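# Commentary on secondary and tertiary structure
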Amino acid sequence: LDLSVSLCDGVKGVIKKEEAALPLPDRKEKDIAIISRVGKPVCFKVLAIRQDACGRPVALLSRRAAQMECRKNFLLDLVPGDIIPARVTHTEPFGAFVDIGCGIVSLLSIDCISVSRIAHPRDRFSGGDYIKVAVRSCDHKTGRIYVTHKELLGSWQQNAEKFEPGQTVTGVVRSIEDYGIFVELTPNLAGLAEYKDGAVVGQKAAVFIKSIIPERMKIKLVLIDSYGEPAKPDPPAYL
């Protein structure tokens, strides 16, 4: 199972199965993980240039070698607290998988995405999004790096300072309970409004801020209206 890569000027590149990825010590790369990269950009190092039967150049490529270099020169130097760029590859109910360098993936668990509760990581991210993450911990024995995101969005107090009682603002309906509706004002700040028929999770909402209670880290809201279809999330705003 090899990967065929289109290079410039019509030159063909080939990544052999054993050069397709750098497996973690505790697992082997599965064929589906290689197949899933079809049609996507890929990083690599050129190992050699050969000619095919017709005399045309063919580049022998290694994604694994590029990942090894990335791990040696970048990932192994990371320490908890470091902030690094990442790209969302895909989301699952339990979290978002993010590329932290040369296709090396880390799991951003759903509880580390934001303080405001979300039903699914797709409420916050889409595949292909470029975001920032902070390193939580590094296990250099297994090669795993654990990351978090919510700490980059500001504290409750920092977000609450953007609002004042008496304001009418827009938010997103995040959760509907028997005792009320949680409306997200920012990814790390949500308030509770009394229950109102017709609201749907993911809708935009117009809310009136009744009160902000810093000592209890609570915001009381009045839901004026909710409207529209659930929309693609806005890009995260970092403090």
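Structure report, in brief. (Residues numbered from 1 in each chain as written. Predicted model: local features only at pLDDT ≥ 70, side-chain atom pairs only at ≥ 80, totals over all residues. Heavy atoms only, no water.)

Within the protein, the secondary structure is distributed over three helices and 14 strands. The C-alpha atoms of the protein give a radius of gyration of 23 Å, which is well past the 18 Å a tight globule of 239 residues would have. Seen through its principal axes, the protein has C-alpha atoms that stretch 75 × 35 × 30 Å. For the protein, contacts bridging at least 24 residues in sequence account for 57% of all contacts bridging at least 6. (Helix = DSSP H or I, 4+ residues; strand = E, 2+ residues; numbered from the N terminus. Rg over C-alpha atoms; globule rule 2.2 N^0.38 Å. Contact = heavy atoms within 4.5 Å.)

Ordered in space as 1-2-4-3, the four strands form an open sheet in which the pairing is mixed. Looking at which strands have only one partner, the edges of the open sheet turn out to be strand 1 (3-6) and strand 3 (45-51). Each strand of the sheet is rotated relative to its neighbour by a mean of 30 degrees, with strand direction disregarded. Pairing geometry for strand 3 and strand 4 (residues 57-62), over six bridges, is antiparallel. Paired with Gln-51 across the two strands is Pro-57, which belongs to strand 4. Relative to strand 4, helix 2 (residues 63-73) is tilted by about 40 degrees, and along the sheet it contacts strand 2 (12-15), strand 3 and strand 4. (Pairing = 2+ DSSP bridges. Axes fitted to C-alpha atoms, helices over the stretch in contact; angles between N-to-C directions.)

Relative to the helices and strands, Phe-125 is located in the loop between strand 7 (104-109) and strand 8 (130-139). According to the relative accessible area criterion, Phe-125 is buried, its value standing at 1%. Along the primary structure Phe-125 and Phe-74 are separated by 51 residues, whereas in three dimensions their C-alpha atoms are 25 Å apart. The contacts of Phe-125, once residues within four sequence positions are left out, are Val-88, Thr-91, Ala-96, Leu-108, Ile-113, Ile-131, His-149 and Pro-233. (Buried < 20%, exposed > 50% of the residue type's maximum accessible area, 1.4 Å probe, protein only.)

Let us now look at the pairing of strand 13 (residues 204-213). One face of the sheet, then the other: side chains in a regular strand alternate in exactly this way. Two strands pair when backbone bridges link them, and strand 10 (residues 168-177) and strand 13 are joined in this way by five bridges, in the antiparallel orientation. Residue Thr-168 lies in a different strand from strand 13, and its bridge partner there is Phe-208. For strand 13 and strand 14 (residues 218-227), the ladder comprises nine bridges, and the chain directions are antiparallel. Across the sheet, Ile-209 pairs through a bridge with Leu-221, a residue of strand 14. Two successive antiparallel strands, strand 13 and strand 14, enclose a turn made up of four residues, where Met-217 displays a positive phi of approximately 50 degrees.

Enumeration over the complete set of coordinates arrives at seven salt bridges. Between Asp-52 and Arg-56 there is a salt bridge, with the nearest N and O atoms lying 3.0 Å from each other. Using a relative accessible area of 27% as the deciding quantity, one classes Asp-52 as partly exposed. A salt bridge links Arg-124 to Glu-184; its shortest N-O distance comes to 2.9 Å. (Salt bridge = Lys/Arg side-chain N within 4 Å of Asp/Glu carboxyl O.)

What follows is about a nonpolar patch on the surface. Together, Phe-208, Val-222 and Ile-224 make up an exposed nonpolar region whose accessible area comes to about 210 Å². When you line up the elements, Ile-224 lands in strand 14. (Patch = residues over 30% accessible without salt bridge, like charges linked within 9 Å, V, L, I, M, F, W, Y side chains within 5 Å. Areas by Shrake-Rupley, 256 points an atom, 1.4 Å probe, with all protein chains shown as cover.)

Throughout the structure, instances matching the rule amount to two aromatic pairs. Note on Phe-94 and Phe-97: the rings are 6.0 Å apart at their centroids and 90 degrees apart in plane angle, and the pair reads as edge-to-face. Ring plane angle 85 degrees and centroid distance 6.2 Å describe the contact between Tyr-179 and Phe-182, whose orientation is recorded as edge-to-face. (Phe/Tyr/Trp six-rings, centres within 6.5 Å; stacked < 30°, edge-to-face > 60°.)

This next bit is on helix 2. What helix 2 keeps buried is the set Arg-63, Ala-66, Gln-67, Cys-70 and Arg-71. When helix 2 is viewed along its axis, its buried side chains cluster within an angular range of 135 degrees and face the same direction. Summarising the geometry of helix 2, the exposed residues directed more than 90 degrees from the buried face are Lys-72 and Asn-73. Among the structural elements, strand 2, strand 3, strand 4, strand 6 (95-101) and strand 7 are those in contact with the buried residues of helix 2. The backbone nitrogen of Arg-64 lies 3.5 Å from a side-chain oxygen of the residue at the head of helix 2, namely Ser-62. (Arc of directions from axis to C-beta. Polar contact = N/O pair within 3.5 Å; in protein donor to acceptor, adjacent residues only side chain to side chain.)

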